Amino acid sequence: MEKHYWKKVFTSAAVYFSVVSAVIFIIQMVTSDHLYASAFSATRMLFVLAYCVIFSMANSFLSFPKLDGFWKLILHSVFTIGGFFALIYAPMNADNRYQLSLSGKQYVPANIFVVIGLVVVIYAIGYGIYFMISSKINKKKNSKEEYRSVYRK
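About the criteria used
- Residues numbered from 1 in each chain as written.
- Predicted model: local features only at pLDDT ≥ 70, side-chain atom pairs only at ≥ 80, totals over all residues.
- Heavy atoms only, no water.
- Helix = DSSP H or I, 4+ residues; strand = E, 2+ residues; numbered from the N terminus.
- Expected span 1.5 Å × (residues − 1).
- Buried < 20%, exposed > 50% of the residue type's maximum accessible area, 1.4 Å probe, protein only.
- Contact = heavy atoms within 4.5 Å.
- 1 Å grid on protein atoms, 1.4 Å probe; cavity = no way out; pocket = protein on both sides within 12 Å on 5 of 7 lines; lining within 4 Å.
- Points joined across faces, edges and corners; volume = space filled by probe spheres on them.
- Nonpolar A, V, L, I, M, F, W, Y, C, P; charged D, E, K, R; others polar.
- pLDDT = per-residue confidence, 0-100.
- Phe/Tyr/Trp six-rings, centres within 6.5 Å; stacked < 30°, edge-to-face > 60°.
- Axes fitted to C-alpha atoms, helices over the stretch in contact; angles between N-to-C directions.
- Parallel < 35°, antiparallel > 145°, perpendicular 65-115°, else oblique.
- Left-handed = near helix turned anticlockwise from the far one by under 90°.

A.B. asks: It is not clear to me how helix α1 (residues 3-31) should be interpreted in this structure. Could you clarify?
C.D. replies: The α-helix advances 3.6 residues per turn, and as a result positions three or four apart in sequence lie on the same side. Over its 29 residues, α1 runs 42 Å from end to end, which matches the ideal 42 Å to within 8%, given 1.5 Å per residue. Restricting attention to buried positions, one finds in α1 the residues Tyr5, Val9, Ala13, Ser21 and Gln28. Buried-residue contacts for α1 involve α2 (42-61).

Next comes the structure, spelled out in C-alpha cells:
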C-alpha cells in the first residue's frame, strides 16, 4: 500500500476519534455526577482509537475501483461490525463484569443476539443512507454526460 493511502486512513481516523471523544465527553457530562468518570480511561480511549482506524480502513474499501459493490459492502460490514464487537463491546462488557464483581453485585449479561441484531440494524440504516446519497451523486454525474449510441456511429 502506498504512503498516500495510510495518510488518508490515519487522517480520517483522527477526525472520527475527535468526534467520538467529544460525543463521549458530552454524554459523560450530561449523565454523570462526576466529570472524571471511567468513560475516559486511557485503555477505553485506546480501544476507541483502534476502532476508528479500523473504521477508516473499512471506509477506504468503499472507494476501491477494482472491487464489486457487493464485496465492498461485505468487507465494510465485516470490518465495521467485527471491529465494534472486538474493540468496543467486548472490553466494555468485561469491564462492567469486573466492576460489578468488585461491588458484590450479580452480573446479568445482555443477550448477544439482541446486541448483534441492533448493531446490524444500525449498520443497515447507515449504509442505506450512504447508498442513497452516493446513487444520487452518480445519477447527477451520469445525467450530465452526453449520450452516445453504441449501435449507430
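What follows picks up the thread again.
A.B. asks: Before we go on, may I ask you to explain the environment of Ala58 in this structure?
C.D. replies: Of note, Ala58 is situated in helix α2. As a C-alpha pair, Ala58 and Ser77 span 19 residues in sequence and 7.9 Å in three-dimensional space. Among residues more than four places away in sequence, those in contact with Ala58 are His76, Phe79 and Thr80.

A.B. asks: In this structure, what is going on with the layout of surface pockets? I would like to understand it.
C.D. replies: The rolling of a water-molecule-sized probe over the atoms marks out the regions of remaining empty space. In this structure, the largest pocket spans a volume of roughly 770 Å³. Around the largest pocket, the lining is made up of 31 residues, and of these Val20, Val48, Tyr51, Phe84 and Ile88 lie nearest the centre. Mapped by element, the contributors of at least two residues to the lining of the largest pocket are α1, α2, α3 (69-103) and α4 (112-143). Of the residues in the lining of the largest pocket, the class split is 22 nonpolar, 7 polar and 2 charged.

A.B. asks: Sorry if this is basic, but what is going on with the confidence of the model for the chain here?
C.D. replies: For residues with low pLDDT, the predicted coordinates do not support detailed interpretation. With 88% of its residues at a pLDDT of at least 70, the chain reaches an overall mean of 83. When mean pLDDT is compared element by element in the chain, α2 scores highest at 92, while α3 scores lowest at 83.

A.B. asks: I'm lost on the packing of aromatic side chains in this one. Help?
C.D. replies: Geometrically, a pair of aromatic rings is defined through the distance of the ring centres and the angle of the planes. In the structure shown here, the tally under the stated rule is 13 aromatic pairs. Chaining the aromatic ring pairs together yields one cluster made of Tyr5, Trp6, Phe10, Phe61, Phe64 and Phe79.

A.B. asks: Looking at this structure, how should I read α2?
C.D. replies: When the terminal C-alpha atoms of α2 are compared, their 29 Å separation across 20 residues agrees well with the 28 Å that a helix rising 1.5 Å per residue should span. Considered for burial, the residues of α2 that qualify are Met45, Val48, Tyr51, Cys52, Val53, Ser56, Met57, Ala58, Ser60 and Phe61.

A.B. asks: Is there a simple way to think about the packing of α1 against α2 in this case?
C.D. replies: Helix-helix packing: each pair is described by the crossing angle between the helix axes and the interaxial distance. Two numbers describe how α1 lies on α2: the axes approach to 8 Å, and their chain directions differ by 130°. Viewed along their axes, α1 and α2 adopt a mutual orientation that is oblique. In this structure, the crossing between α1 and α2 has a hand that is right-handed. The segment α1 lies against α2, with Tyr5, Trp6, Lys8, Val9, Phe10, Ser12, Ala13, Tyr16, Phe17, Val20, Ser21 and Ile24 engaging Met45, Val48, Leu49, Cys52, Val53, Phe55, Ser56, Met57, Asn59, Ser60 and Phe61. Considering only residue class, the contact of α1 with α2 consists of 17 nonpolar, 5 polar and 1 charged.

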